[in-house]
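Summary of the model geometry
Listed here are the chains, written in short residue letters.
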Amino acid sequence: MNAHSSRSHAVFSVDLRLSFSGPDLAKDLQSRIHFVDLAGSERQKKTNSSGDRLQEGIAINQSLSSLSRVIQALAGKLLPVFRES
């Protein structure tokens, strides 16, 4: 969190490495997984926000909704809508 926003985000990256060898085979596999925790949307009535803070919340909620639709499209092997990608 910071002084300008009540929302916080986190990104955790995990690097995995698997090495194995046998009589006829040696392999080295690597992978990276990113876990992303985005601040969730807030209900305007709950926060009692107004003015610039309210507009910020509206814009962030719209962006999170668009991001959710893009992720769902990609997870379903579809192309996301251009304006939301």
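For the structure itself, consult the block above.
**Things to note about the pairing of strand S1 (residues 10–21)**
- The sheet contact formed by S1 and strand S2 (residues 26–37) spans 12 bridges and is antiparallel. Opposite Ser-13, over in S2, you have His-34 as the bridge partner.
- In sequence, S1 turns back onto S2 through a hairpin of four residues.

**Quick word on a nonpolar patch on the surface**
- A surface patch of nonpolar side chains, amounting to about 430 Å² of accessible area, comprises Val-11, Val-36, Leu-38, Leu-67 and Ile-71.
- By the element assignment, Leu-67 lies in helix H2 (residues 51–75).
- Look at Leu-67 and you get partly exposed, because its relative accessible area is 35%.

**Some points on H2**
- The end-to-end C-alpha distance of H2 is 36 Å, a good match for the 36 Å that 25 residues give at a rise of 1.5 Å each.
- Taken together, the buried positions of H2 are occupied by Gly-57, Asn-61, Leu-64, Ser-66, Val-70 and Ala-73.
- Buried positions along H2 lie against helix H1 (44–47).
- Backbone geometry just after H2 places Lys-77 at a positive phi near 60°.

**Focus: the pattern of salt bridges**
- Counted by the stated rule, this structure contains two salt bridges.
- A salt bridge links Arg-32 to Asp-15; its shortest N-O distance comes to 2.6 Å. Of this pair, Arg-32 sits in strand S2 while Asp-15 sits in strand S1, and the two are 17 residues apart along the sequence. Accessibility assignment for this pair places Arg-32 and Asp-15 in one class, exposed.
- Asp-28 is paired through a salt bridge with Arg-17; the nearest N and O atoms lie 3.0 Å apart. Of this pair, Asp-28 sits in strand S2 while Arg-17 is found in strand S1, placing the two residues 11 residues apart along the sequence.
- In this structure Asp-28 comes out as partly exposed when scored by relative accessible area, which is 39%.

Cut-offs and rules
- Residues numbered from 1 in each chain as written.
- Predicted model: local features only at pLDDT ≥ 70, side-chain atom pairs only at ≥ 80, totals over all residues.
- Heavy atoms only, no water.
- Pairing = 2+ DSSP bridges.
- Helix = DSSP H or I, 4+ residues; strand = E, 2+ residues; numbered from the N terminus.
- Patch = residues over 30% accessible without salt bridge, like charges linked within 9 Å, V, L, I, M, F, W, Y side chains within 5 Å.
- Areas by Shrake-Rupley, 256 points an atom, 1.4 Å probe, with all protein chains shown as cover.
- Salt bridge = Lys/Arg side-chain N within 4 Å of Asp/Glu carboxyl O.
- Buried < 20%, exposed > 50% of the residue type's maximum accessible area, 1.4 Å probe, protein only.
- Expected span 1.5 Å × (residues − 1).
- Contact = heavy atoms within 4.5 Å.

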